[in-house]
Amino acid sequence: MWPATDSIGYLPEFREDVLLYNAYSTATNLNSINQQSLSLLLPATNGLNGRTRMSLTRLPDPDQGVLARSKEIVADLEKLIGADAVISDEEGRRTFEADALVAYRRVPLVVVLPRTTEQVSKVLKYCNDNRIKVVPRGAGTSLCGGALPAEDAVVIGISRMNRVLDADFVNRTITVETGITNLAVTEAVSAEGFFYAPDPSSQLACTLGGNLAMNSGGAHCLKYGVTTNNVLGVRIVLMNGEIVEIGGPQLDAEGYDLLALVVGSEGQLGIVTEATLRILPKAEAARPIMLGFASSEAAGRCVAAIIASGILPVAIEFMDKPAIEVAEAYAKAGYPLNVEALLIVEVEGSEDEIARLLASIVEIARNFQPTVVEASTSEEHSAKIWKGRKAAFGAIGRISDYYCMDGTIPLSQIAGVLTRISEICAHFGLRVANVFHAGDGNLHPLILYDSNNPDEARNAELAGAEILKLCVEVGGCLTGEHGVGIEKRDLMRAQFSDADLAVQMRIKTVFDPSWLLNAGKVFPLETVASITQATTDEAA
């Protein structure tokens, strides 16, 4: 864990290009690495020599004119922000060639690691004036290719911008630079009895900047909301270098709600360098309970019944048998191995309130014939239960390559969708493990495959696309917290009409008229070509 700060100031700097990206670039699991424990991640890596990469997603061809000016661009950037903030050698750039969707890789033109908002502004203005693409990057933990570089793009990494700028415990806010890790935000306020609610499984490594870009969630967001529900204001740098303040420490900022537009925009509108966050007082106590079922369908129906009853747990997490077995083998969490599905339901409050809520949940669960009902008996027991869940993705990555999906569905559809997911994967000759945030219907099927087998790699992508289409068909959406990136880009029409996409793209054009920010992502490439041409014609 990164050490907590004793006072407001700089958090310890880490060399992300060494510590994180070397690990990611040799990881065997496809697009979800267990950042919760680097000690778990590293033993799971076997390298990519001879590995088959996925190929169904088309990436834009680089601008040869920009490539021809690479030495000039590097020299200009070194003059702007200093040579120590610019990485231009091939080995250094290669450590940034992928995010956690390691099946797709591109070595960037150059990487810059600014320390201030003003330096970010200088770089963006330079790139805008010279029509050079920019890829914003936090810690590179994106599971959808959201931080995938381009050969003709400047990567702007924010990891050195990791200061805590202010903590206001009376008004329950903290202002930080967005290179700070998610977990470090909570560590900075925990001594005063506060925490930051969004808690993605990658919270040890992922930056707040990435969380803002993807509107990240986590296990405990069922009660407290995702990132957008916990951000009060941001400082964002637009593509032309303009620095804009949106929102602030006040609960209700004046003017249009542009904050909701920025959070979840995947680096398409600007680079957020600072944010004011909502911090919450820790609950008096919290306790998880494990409910084991004879089928995934029964567990799914139980989730819907709990929420329908009006009870709002802090978290409801789902694991099926393959995930249970692998997580238990690694974490020794005490998971039951004689069940087909496991729910981890956590409630909080006073001891009396916890007892009452757990009794009500058990009563509801009895309608679905649970074979295991086991509540945590101590803080140590609770920590073990959550250790297994947080480590599940990485633990599975130790035994198989996998493709992690991120669709969201109505709770009433969980049971049926889980059945269809198994059928879809079986149709493509693949196995699947399910670990997900059941309380808000945010699915994370892990499609298991052999990365050295080209047919299996292709089938994994095809199965993933069918699963995401299924989510939309039953009234859900393509992504809950991982984002669109390149992974879901060509599926956007499954959810949005051409008119919907046109509106979204016109909004981007207002912020980034030349479409230089995080190009080739989110929007289908042919749609981008038609809209940008229409915009050019209107301007003429």
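Since we're looking at a predicted model, the values are computed, not measured.

Quick look at the sheet that holds strand β5 (residues 164-168) now. Strands sit in the order β5-β6-β10-β8-β9 across an open sheet of 5 strands; the sheet is antiparallel. Bordering the open sheet on either side are β5 and β9 (243-247), each of which pairs with just one other strand. Here the average twist between neighbouring strands, direction ignored, is 10°. Pairing analysis gives 6 bridges linking strand β8 (residues 231-237) to strand β10 (residues 271-278), with the strands arranged antiparallel. Along β10, the bridge assignment pairs Gly233 with Thr276.

Within the secondary structure, Gly146 is located in the loop between β3 (133-137) and β4 (153-157). Given the relative accessible area of 7%, Gly146 is considered buried. Placed 67 residues apart in sequence, Gly146 and Ala213 show a C-alpha to C-alpha distance of 8.9 Å.

A few words now on the nonpolar core. Within the largest apolar cluster, 68 residues are counted, with the highest numbers of intra-cluster contacts made by Leu291, Phe293, Ile316, Phe318, Leu343, Val345 and Ile447. The dominant element in this core, judged by the number of residues it contributes, is helix α18 (residues 454-473), at 9 residues. When near neighbours in sequence (up to four residues on either side) are disregarded, Phe318 contacts Ser296, Ala299, Ala341, Leu342, Leu343, Leu418, Asn434, Val435, Phe436 and Ala438.

On inspection of all chains with the given rule, the structure shows 5 aromatic pairs. Pairing Phe318 with Phe436 gives two aromatic rings, centres 4.6 Å apart and planes at 20°, and the pair type is stacked. One end of the pair, Phe318, is in strand β13 (residues 315-320); the other, Phe436, is in strand β17 (residues 431-437), and 118 residues separate them in sequence. On the basis of relative accessibility, which here comes to 0%, the residue Phe318 falls in the buried class. Given the relative accessible area of 0%, Phe436 is considered buried. Aromatic side chains Phe393 and Tyr402 sit 6.4 Å apart centroid to centroid with 70° between the ring planes, which places their arrangement in the edge-to-face category.

Once that is clear, we can look at the pairing of β9. Relative to β9, β8 runs antiparallel, the two sharing 5 bridges. Considered in β9, the bridge of Arg235 is made with Glu245. Hairpin geometry of β8 and β9 is characterised by an intervening segment of 5 residues between the two adjacent antiparallel strands and by a positive phi of about 95° at Gly241.

Quick look at unusual backbone geometry now. In terms of backbone geometry, most residues other than glycine have negative phi values and most peptide bonds are trans. Here Arg172, not a glycine, exhibits a phi torsion of approximately 60°, which is positive. For Arg172, the position within the fold is in the loop between β5 and β6 (173-177). A relative accessible area of 42% means that Arg172 is categorised as partly exposed.

Averaged over every residue, the pLDDT of the protein chain is 88; residues scoring 70 or more account for 88%. Of the regions scoring below 50 in pLDDT, residues 1-52 engages in 155 contacts with residues more than four places distant in sequence or in other chains.

So, on to helix α17 (residues 414-427). Its 14 residues give α17 an end-to-end C-alpha distance of 20 Å, which sits within 8% of 20 Å, the value for a rise of 1.5 Å per residue. Turning to α17, its buried residues are Ile414, Ala415, Val417, Leu418, Ile421, Ile424 and Cys425. Elements that come into contact with the buried residues of α17 comprise α12 (296-308), β13, β17, β18 (445-449) and α18.

Quick notes on the rules
In this convention, every chain numbers its residues from 1, walking through the sequence in written order. Local features in this predicted model are restricted to residues whose pLDDT is 70 or higher, and side-chain atom pairs enter the listing and the counts only when it is 80 or higher, whereas totals over whole chains, interfaces and linings include all residues. For the side-chain quantities, the full set of heavy atoms in the structure was used; hydrogens and water were omitted. For two strands to count as paired, DSSP must find a minimum of two bridges between them. In this text, helices come from DSSP runs of H or I with a minimum length of four residues, and strands from runs of E with a minimum of two, each type numbered from the N-terminal end. Helix axes are fitted to C-alpha atoms over the stretch in contact, other axes to C-alpha atoms as well, and angles between N-to-C directions run from 0 to 180 degrees. The classification of residues rests on relative accessible area computed with a 1.4 Å probe and restricted to protein chains. Under 20% of the type maximum is buried, over 50% is exposed, and intermediate values are partly exposed. Nine residue types can take part in a nonpolar core, namely buried Ala, Val, Leu, Ile, Met, Phe, Trp, Tyr and Cys, and a core is a set of them joined through side-chain atoms within 4.5 Å. Here, two residues are considered to be in contact whenever any of their heavy atoms come within 4.5 Å of each other. By convention, a stacked pair of Phe, Tyr or Trp rings (six-membered ring in the case of Trp) has centres within 6.5 Å and planes under 30 degrees apart, an edge-to-face pair has planes over 60 apart, and any other such pair is tilted. The score called pLDDT rates the predictor's confidence residue by residue, from a low of 0 to a high of 100. In a helix, the anticipated span is given by 1.5 Å times the number of residues less one.

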